[in-house]
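# Structural description and commentary
Below, each chain spelled out in residue letters.
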Amino acid sequence: MESHYQQTFRLLTETQRQVHELSTLVPGSEQALESRVWDNLRQLEQDCYRLENMVRKEPPIRRQEAKYRVDQLLADFHGVQNAYRSYQQKRSATEQEHRQREELLSRRYTTNSAEGSDTSIALDHALHHHQQLQNANRGLDDIIANATGVISNLKNQGFTLKFRMVMQLCNYLKIDSLLSYTQAHSCLNAATLSQ
């Protein structure tokens, strides 16, 4: 285990040095070094996994010290891995800025009269987003208004159905006085609902 640990530690130290070198190189000349760092990181990941398995097989007397050393090596490995990812993100952002700058410099501008069309201005994304939110808000207001109308119609239908059922019951039972009472009551209800 000790020899494997020492070999992994040397590879980690070399990879740290290479990642530091990457940030100082002139753009465009880092391709070979970048591929070596990538290969070293993959090898380090495999070695760290092997070391974790070897620690479990160590005698109990040396296991805690070996675990501490491997955990420290793993922490250093993750630090180098994060530094490499950070370098890649910075390089990607720099390349994108360079492409955008070149695109702006290579664009040909003409006067409006030469194009023969109106000037169009690209709207800001936030303005477009705001307009979409307003449209969604109006749509929800319409849905709520429709739902309110449907509910009021259902209530009116319920009152009508109840009145019809009472009328049918009165006709069935042949109760004329109850019939006249319910008609008067329904007229009053209709008058209050219409106000």
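Anything mentioned here points back to the structure above.
Below or above, wherever it landed, is the structure these notes cover.

Before going further, it helps to examine the overall build of the protein chain. Looking only at helices and strands, one finds six helices and zero strands in the protein chain. Reading the protein chain from its N end, one meets helices and strands in the order α-α-α-α-α-α. Buried residues in the protein chain amount to 17% of all 195 residues. Summed over all atoms, the accessible surface of the protein chain reaches about 15,700 Å², with 56% contributed by carbon and sulfur.

The next point concerns helix 3 (residues 60-106). Taking 1.5 Å of rise per residue, the 47 residues of helix 3 would be expected to cover 69 Å, and the 68 Å separating its terminal C-alpha atoms lies within 8% of that figure. Among all positions of helix 3, only A66, V70, L73, L74, F77, V80, Q81, Y84 and Y87 are buried. Taken together, the buried residues of helix 3 touch helix 1 (2-24) and helix 2 (31-57).

This next bit is on the packing of helix 1 against helix 3. Following both chains from N to C, one finds helix 1 and helix 3 inclined at 20 degrees, their axes separated by 10 Å at the closest point. The orientation of helix 1 with respect to helix 3, classified from their angle, is roughly parallel. For the crossing formed where helix 1 meets helix 3, the hand is left-handed. Between helix 1 and helix 3, the residues in contact are E2, Y5, Q6, T8, F9, L12, T15, Q16, V19, L22 and S23 and R69, L73, D76, F77, V80, A83, Y84 and Y87, respectively. Residues belonging to the contact of helix 1 with helix 3 are distributed by class as follows: 11 nonpolar, five polar and three charged.

It is worth spelling out the nonpolar core at this point. Membership of the largest hydrophobic core comes to 20 residues, with the highest contact counts inside it found for L41 and Y84. With eight residues, helix 3 is the largest single contributor of residues to this core. Those residues in contact with L41 that lie beyond four places of it in its chain are T15, F77, V80, Q81 and Y84.

With that settled, consider the packing of aromatic side chains. To describe a pair of aromatic rings, you give the distance between the ring centres and the angle between the ring planes. With the rule as written, the count across this model stands at two aromatic pairs. With a centroid separation of 6.3 Å and an interplanar angle of 15 degrees, the aromatic rings of Y5 and F9 are classed as stacked. Linking Y5 with F9, this pair stays in helix 1, spanning four residues, or about one helical turn. Above the face of the Y5 ring, R69 is positioned so that its terminal group lies 4.2 Å from the ring centre.

In this fold, A66 is placed in helix 3. For A66, a relative accessible area of 9% gives the class buried. Setting aside anything within four residues of it in sequence, one finds A66 in contact with M1, V55 and E58.

Contact geometry of helix 2 with helix 3 gives a least axis separation of 10 Å together with a crossing angle of 160 degrees. As the angle between them shows, helix 2 and helix 3 are arranged roughly antiparallel. For the element pair helix 2 and helix 3, the recorded crossing hand is left-handed. For the contact of helix 2 with helix 3, the per-class residue count stands at 15 nonpolar, two polar and seven charged.

Okay, helix 1 next. Along its 23 residues, helix 1 runs 34 Å from first to last C-alpha, staying within 8% of the 33 Å computed at 1.5 Å per residue. Along helix 1, the positions that sit buried rather than exposed are H4, Y5, T8, L11, L12, T15, Q18, V19 and L22. Packing partners of the buried residues in helix 1 comprise helix 2 and helix 3.

Here we take up the pattern of salt bridges. One pass over the structure, following the stated rule, counts eight salt bridges. R50 is the partner of D47 in a salt bridge, and the nearest nitrogen-oxygen pair spans 3.0 Å. Of the two residues, D47 and R50 both sit in helix 2, three residues apart, roughly one turn of that helix. Taking the shortest distance from any N to any O, the salt bridge between E95 and R91 comes out at 3.2 Å. With E95 and R91 both in helix 3, this residue pair falls four residues apart, about one helical turn. The network of salt bridges with common partners includes E14, R17 and E21.

Rules of the game
Residues numbered from 1 in each chain as written. Predicted model: local features only at pLDDT ≥ 70, side-chain atom pairs only at ≥ 80, totals over all residues. Heavy atoms only, no water. Helix = DSSP H or I, 4+ residues; strand = E, 2+ residues; numbered from the N terminus. Buried < 20%, exposed > 50% of the residue type's maximum accessible area, 1.4 Å probe, protein only. Areas by Shrake-Rupley, 256 points an atom, 1.4 Å probe, with all protein chains shown as cover. Expected span 1.5 Å × (residues − 1). Contact = heavy atoms within 4.5 Å. Axes fitted to C-alpha atoms, helices over the stretch in contact; angles between N-to-C directions. Parallel < 35°, antiparallel > 145°, perpendicular 65-115°, else oblique. Left-handed = near helix turned anticlockwise from the far one by under 90°. Nonpolar A, V, L, I, M, F, W, Y, C, P; charged D, E, K, R; others polar. Core = buried A, V, L, I, M, F, W, Y, C linked by side-chain atoms within 4.5 Å. Phe/Tyr/Trp six-rings, centres within 6.5 Å; stacked < 30°, edge-to-face > 60°. Lys NZ or Arg CZ within 6 Å of the ring centre and 35° of its normal. Salt bridge = Lys/Arg side-chain N within 4 Å of Asp/Glu carboxyl O.

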